[in-house]
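Chain residues, written in single-letter form:
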Amino acid sequence: MEKQNNNWNLEKLERQALSSQDFDDFVLNQSGILNYNELIILDVGCSNGFKTEMLFDKYNNIEKIVGIDIDENAINEAKEKFVNNNKYVFELKNIDDLDLKQKYDVICLSYVLQHLRNPKQIVSKLRNLLTDRGVLIIKVPDDSFKLCYPDEENLLNKIFTLYENKIMPKQVTTKYTDRHIGKKVYSYLKETGYNNIKLYHNITNTLNKSLEDRRKLFKSSIYFRTASNKSNVDESVKLEMENFLNKMSEKFEDDNFYYTMSVLYYIAGK
Ligand SMILES: C[S@@+](CC[C@H](N)C(=O)[O-])C[C@H]1O[C@@H](n2cnc3c(N)ncnc32)[C@H](O)[C@@H]1O
């Protein structure tokens, strides 16, 4: 049985966090901020602190790590785990309520911006919370950067469309989610006055992958859209989605099938 709560599935987040760690480390290094000392970090949407620790714990020049989240269970888990480590501060707090007087050298939003109702305003506000040397790091998905071949029935698009129109808006955690935010962040950053903007794509595909790895990719990148575990979704929608997902899953069994996706990472300075 997977560990569940009212908000995010923490086990799924942890699996996801592990799978991208090398690229996450690479991006933080590219930001240049690690050349400085006495760094203060803010991890927005830190969940239970699992990713926060993986990202920042290993650097001795990081002095303080603040994590905020609106998921009470996850924040309590984080508080409990780090109770004896005074480098960490975890708070149950909405990004809308951040104290504008505090300044941070790194503000990190890992898979968070796409879920916010007002992403551009938040990007703008966060600029005021950066130190002069500070960097904003945003990791976001974008379903437009996913494609596959062959797909005679246009299944991938049908899965995305059904999820976005009939499933995603009904869940508390995803009611504002923008699955196409990746491409928009550059203009959010430019229009709100950021400088030195960099963009990295972490590409994952089925090329030369084992069957086990292809199945994992299907599960993490496509299958999470299932509605079979959601009580507030119409039965007809559940069935339609299961049908699409089953057919897509069969495609991943075939060694010749090509699927590719990329996750976008933005770094920006004041
Ligand atoms: C997909 S999870 C990402 C967790 C973690 N950052 C990671 O990369 O594994 C999104 C997190 O953002 C949090 N979140 C969503 N809206 C928020 C808000 N307005 N303020 C603070 N946290 C928020 C959610 O509760 C959830 O824990």
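All of these numbers come straight from a predicted model, not from anything done at the bench.

Peer 1: How would you summarise the confidence of the model for the chain if you had to cite specific residues and measurements?
Peer 2: Here the chain averages 95 in pLDDT, while 98% of its residues score no lower than 70. Counting contacts from residues 1-5, a segment whose pLDDT is below 50, to residues more than four positions away or on other chains yields seven contacts.

Peer 1: So what's going on with the pairing of strand S4 (residues 104-110)? Which residues, and what values?
Peer 2: Where burial is concerned, most of S4 is hidden: seven out of the seven residues are buried. Here strand S1 (residues 39-44) runs beside S4; their pairing, made up of four bridges, is parallel. Bridging across to S4, Leu42 finds its partner in Ile107. Sheet analysis places S4 next to strand S5 (residues 130-140), joined by six bridges and oriented parallel. Bridged to Ser110 within S5 is Lys139. Of the crossover connections in this fold, the one passing from S4 over helix H5 (residues 119-127) to the parallel S5 is right-handed.

Peer 1: Break down the site of the ligand for me, with residues and values.
Peer 2: Lining the immediate surroundings of the ligand are 21 residues, of which Gly45, Ser47, Asp71, Ile95 and Ser110 lie closest. Within the residue set of the shell around the ligand, elements represented by two or more residues are helix H1 (10-19) and strand S2 (62-69). Across the shell around the ligand, the residue classes break down as twelve nonpolar, six polar and three charged.

Peer 1: Describe the nonpolar core, with residues and values.
Peer 2: Counting 45 residues, the largest nonpolar core has Ile41, Val106, Ile107, Cys108, Leu136, Ile137 and Ile138 as its most contacted members. When residues of this core are assigned to their parent elements, the largest contribution, six residues, is made by S5. Setting aside its immediate chain neighbours within four residues, Cys108 contacts Ile41, Leu42, Asp43, Val44, Leu55 and Ile137. Tyr163, Ile222, Phe244 and Tyr259 belong to the second largest nonpolar core, which has 13 residues in total.

Peer 1: Go over unusual backbone geometry, please, and point to the residues and values.
Peer 2: Excluding glycine, most residues fall at negative phi; most peptide bonds, likewise, are trans. Cis geometry marks the peptide bond from Tyr149 to Pro150; its omega dihedral reads -5 degrees. Relative to the helices and strands, Pro150 is located in the loop between strand S6 (147-149) and helix H6 (155-167). Phi at Asn154 takes a positive value of approximately 55 degrees, unusual for a residue other than glycine. On the secondary structure map, Asn154 appears in the loop between S6 and H6. Look at Asn154 and you get exposed, because 9 C-beta atoms sit within 10 Å. Even without glycine at this site, Asn208 takes up a positive phi of about 60 degrees.

Peer 1: Lay out the packing of H6 against helix H9 (residues 235-253) in plain terms, naming residues and giving numbers.
Peer 2: Interaxial distance between H6 and H9 falls to 10 Å at its minimum, and their mutual angle equals 150 degrees. When the axis of H6 is compared with that of H9, the two are roughly antiparallel. Handedness of the crossing formed by H6 with H9: left-handed. Packed against H6, whose contacting residues are Leu155, Leu156, Lys158, Ile159, Leu162, Lys166 and Ile167, the element H9 presents Val237, Glu240, Met241, Phe244, Leu245, Lys247 and Met248 at the interface. In terms of residue class, the contact of H6 with H9 is built from ten nonpolar, no polar and four charged.

Peer 1: Go over the environment of Asn35 with me, naming the residues and quoting the values.
Peer 2: Among the secondary structure elements, Asn35 is positioned in the loop between helix H2 (21-30) and S1. On the basis of neighbour count, Asn35 is assigned to the exposed category, with 10 C-beta atoms found within 10 Å. Considering only alpha carbons, one finds Asn35 and Asn76, 41 residues apart in sequence, at a separation of 32 Å.

Peer 1: Hey, could you go over helix H4 (residues 72-81) for me, with residue numbers and the actual values?
Peer 2: Restricting attention to buried positions, one finds in H4 the residues Ala74, Ile75 and Ala78. Relative to the axis of H4, the buried residues are bounded by an arc of 95 degrees and lie together on one face. Looking at H4, the residues exposed on the side facing more than 90 degrees away from the buried face are Glu72 and Glu80. Summarising the contacts, the buried residues of H4 are in contact with H1, S2 and strand S3 (88-92).

Peer 1: Which residues make up the environment of Gly134, and what values do they have?
Peer 2: Within the secondary structure, Gly134 sits in strand S5. Sequence-wise, Gly134 and Lys270 are 136 residues apart; in three dimensions their C-alpha atoms are separated by 6.9 Å. For Gly134, the contacting residues outside a window of four places in its chain are Tyr104, Asp105, Val106, Gly269 and Lys270.

Definitions and limits used
- Residues numbered from 1 in each chain as written.
- Predicted model: local features only at pLDDT ≥ 70, side-chain atom pairs only at ≥ 80, totals over all residues.
- pLDDT = per-residue confidence, 0-100.
- Contact = placed C-beta atoms within 7 Å.
- Buried ≥ 20, exposed ≤ 12 C-beta atoms within 10 Å, placed from the backbone.
- Helix = DSSP H or I, 4+ residues; strand = E, 2+ residues; numbered from the N terminus.
- Pairing = 2+ DSSP bridges.
- Right-handed = clockwise from strand over helix to strand, strands pointing away.
- Near = placed C-beta within 6 Å.
- Nonpolar A, V, L, I, M, F, W, Y, C, P; charged D, E, K, R; others polar.
- Core = buried A, V, L, I, M, F, W, Y, C linked by C-beta atoms within 7 Å.
- Axes fitted to C-alpha atoms, helices over the stretch in contact; angles between N-to-C directions.
- Parallel < 35°, antiparallel > 145°, perpendicular 65-115°, else oblique.
- Left-handed = near helix turned anticlockwise from the far one by under 90°.
- Arc of directions from axis to C-beta.

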